[in-house]
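Listed below, chain by chain, are the residues.
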Amino acid sequence: MSVTNPQALPTSSVIAVVGTGAMGAGIAQVAATAGHVVKLLDNRPGAAAKAIDGIRAQFGKLADKGRMSADAAQAAGARLIAVEQLADLADAALVTEAIVENLEAKQKLYRDLEDIVGADCIFGTNTSSISVTSIGAALKRPERLAGLHFFNPAPLMKLVEIVSGLATDRAVADTLFATAAAWGKTPVHARSTPGFIVNRVARPYYAEALRILNEGGGDCATLDALMRDAGGFRMGPFELMDMIGHDVNFAVTRSVWNAFYNDPRFTPSLIQQELVDAGFYGRKSGRGFYDYREGVPRPEPQVAVAQNAPAEIVLHGHSAAVHAIADRLFERNIAHTWGEAIDGRIAEVGGAVIFVTDGRTATQRAAETCIDNVVLIDLAQDYASATRIAVGASINCWAPALGAAIGLLQAAGFEVCRLGDTPGLAVMRTVAMLANEAADAVNQGVCDAAAADSAMQLGVNYPRGPLEWADRVGLPTICTVLANLARFYGEDRYRVSPLIQQRVFAGKKIHD
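The notes below deal with the structure included here. As the structure is a prediction and not an experimental result, all values here were calculated from the model.

### Let's talk about the pairing of strand β15 (residues 415–418)
Here is step 1 of the chain: Pairing between strand β14 (residues 388–393) and β15: four bridges, direction parallel. Directly across from A390, in β15, lies its bridge partner C417.

### Topic: the sheet that holds strand β8 (residues 186–191)
Here is step 1 of the chain: On the basis of which strands lie adjacent, the open sheet formed by eight strands has the order β3-β2-β1-β4-β5-β6-β7-β8 and mixed pairing. Either end of the sheet is taken by a strand with one partner, and the two such strands are β3 (80–82) and β8. This sheet shows a mean twist of 25° between the axes of neighbouring strands, independent of strand direction.
Here is step 2 of the chain: Examined bridge by bridge, strand β5 (residues 122–125) and strand β6 (residues 145–150) share three bridges and lie parallel to one another. Within β6, the position partnered with T125 by the bridge is G147.
Here is step 3 of the chain: Its contacts with the sheet place helix α2 (residues 47–64) against β2 (38–41) and β3, and it is angled at close to 160° to β3.

### Quick notes on the environment of E274
Here is step 1 of the chain: Looking at where E274 falls in the secondary structure, it is placed in helix α12 (residues 270–278).
Here is step 2 of the chain: The spacing of E274 and H246 is 28 residues in sequence and 9.9 Å in space, taken between C-alpha atoms.

### Thoughts on the nonpolar core
Here is step 1 of the chain: If you look at the biggest cluster of nonpolar residues, it comprises 130 residues, and the most contacted ones within it are V95, I325 and I377.
Here is step 2 of the chain: When residues in this core are grouped by element, the largest group, eleven residues, is from helix α16 (residues 427–443).
Here is step 3 of the chain: Judged by nonpolar contacts, the second largest core, of 35 residues, contains L9, A25, I27 and A154.

### Observations concerning unusual backbone geometry
Here is step 1 of the chain: The omega torsion of the bond from N152 to P153 falls at 0°, within 30 degrees of zero and hence cis.
Here is step 2 of the chain: By secondary structure assignment, the location of P153 is in the loop between β6 and β7 (159–164).
Here is step 3 of the chain: A positive phi is found at F196, a non-glycine position, where the angle reads about 50°.
Here is step 4 of the chain: With respect to the helices, strands and loops of the structure, F196 is situated in the loop between β8 and α7 (198–201).
Here is step 5 of the chain: Of note, N262 is a non-glycine position whose phi angle comes to about 60°, a positive value.
Here is step 6 of the chain: Summarising the element assignment, N262 is placed in the loop between α11 (246–259) and α12.
Here is step 7 of the chain: Judged by its relative accessible area of 42%, N262 is partly exposed.

### Thoughts on the sheet that holds strand β11 (residues 347–349)
Here is step 1 of the chain: The mixed open sheet is built from seven strands, whose spatial order is β10-β9-β11-β12-β13-β14-β15. With one partner strand each, in any of the chains shown, β10 (337–338) and β15 form the two edges of the open sheet.
Here is step 2 of the chain: Bridging between strand β13 (residues 374–377) and β14 involves three bridges; their strand directions are antiparallel. In the strand pairing of β14, V375 is matched with A393.
Here is step 3 of the chain: Seen against the sheet, helix α15 (residues 399–411) touches β11, β12 (352–356), β13, β14 and β15 and runs at an angle of roughly 120° to β11.

### Let's talk about the packing of aromatic side chains
Here is step 1 of the chain: Within this structure, the stated rule accounts for eleven aromatic pairs.
Here is step 2 of the chain: Consider the rings of F233 and W469, whose centres lie 5.6 Å apart with planes at 35°: the pair is tilted. In this pair, F233 is assigned in the loop between α9 (220–229) and α10 (237–244) and W469 in helix α18 (residues 466–473), connecting sequence segments 236 residues apart.
Here is step 3 of the chain: Among the aromatic residues, those joined into a ring-pair cluster are Y205, Y206, F233, Y462 and W469.
Here is step 4 of the chain: Cation over ring: R144 sits above F123, and NZ or CZ is 4.8 Å from the ring centre.
Here is step 5 of the chain: One cation-aromatic arrangement involves R298 over Y290; the distance from NZ or CZ to the ring centre is 3.8 Å.

Thresholds, definitions, all that
Residues numbered from 1 in each chain as written. Predicted model: local features only at pLDDT ≥ 70, side-chain atom pairs only at ≥ 80, totals over all residues. Heavy atoms only, no water. Pairing = 2+ DSSP bridges. Helix = DSSP H or I, 4+ residues; strand = E, 2+ residues; numbered from the N terminus. Axes fitted to C-alpha atoms, helices over the stretch in contact; angles between N-to-C directions. Contact = heavy atoms within 4.5 Å. Core = buried A, V, L, I, M, F, W, Y, C linked by side-chain atoms within 4.5 Å. Buried < 20%, exposed > 50% of the residue type's maximum accessible area, 1.4 Å probe, protein only. Phe/Tyr/Trp six-rings, centres within 6.5 Å; stacked < 30°, edge-to-face > 60°. Lys NZ or Arg CZ within 6 Å of the ring centre and 35° of its normal.

Keep in mind these values describe shape, not function.
As structure tokens, this is what we get:
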């Protein structure tokens, strides 16, 4: 296929969807809503017809809610056609599949279709983890195949990854990009590498929480609450893994890890392996990190006991954290003074010296600064509006000094959760690693920075794109956090992306 100025497939084009489970039905709904005749095929008898009944019921609900007219709902439903064999797809302009995630099955489907459909028919695989290049290798014309990766539920999720394999014709990818946009989606281009954009860049969101849990730095409920209420994420990592299903989430992690030749950045967690081995898959099995069986209460996050506001509060420096704390104290009529901006500290109260984490433990920082009473606070997406904050204290920190630091933060309106003396605490290390992975994807030509940020916001509802977030925090800070984590653990897992290093050397942001 060769197109000078690729345009979206016209609504007169027939779209075929093979595999009519939740994802296939969702894609069919999107295409029919956009005005296409959609043919649905499934190897399970009656499955395609059942899927169409379900989609038409969805159209009816949308009409009842006023989100589409009754005439439009009826017309969209009438454009859905159940077929029984591949030969019925001969007139399709695009065939997308949502069948089992198995390389041989996908290769066979498209190999069989090559002798049925026209020369200009595009193949758009919805695979989430299999190499598009590998699928195309079995075809006579691999250039017509590209990834058309929707996110579940397809009618609601805006992101579509357009994934080019090694042989994919750029015009094919561009046509799919334009078509997805015409269907009301936000497409992004990606190169076929393990995990594409979202499933690769998202790995640290789970991996860092699992490591903190494994090291006893915090419990599931507390870490989830911190990622929601301080980090701004819609769901915490443990509740999200429970929702996805550990069998699925662990399999994706294993797939990416294996595909990157056991790169330590993607090392699977033994804790999650145990859950899978036990059949504790999460919500769908009734147990995961949380117990969903009837009558079992949900654990609450561990919150520090209430402390009195310190009698004397001295704030230091000009960071976003200290200015937000000052504003919050002012709103609550809590007296405070300002001291010299020295050594990165943001406050002194009751003998405690408070810093924002830089990837070192509080104990390491205490040893290197000769200050016993070091207390660290975590990153927040917005210190001004965050309702919760994590703290960590050096092993030698006096209890009254820690109590004073907690009292300061509580006086500023935060619920305070004490974690173990964990390097980077929770939000900071997670954001740093997400940004690092996104930067590596950009550096390796998987996508551009805008696509990485858009994909993570639209595909997994992150509050900010990881690279935009890194720019806001400051690339030198991200670089320092990662370098300190690498030194602490002595692992290549925390190596700093060359892109971040180069931008720091140049004094530039990622998005400059």
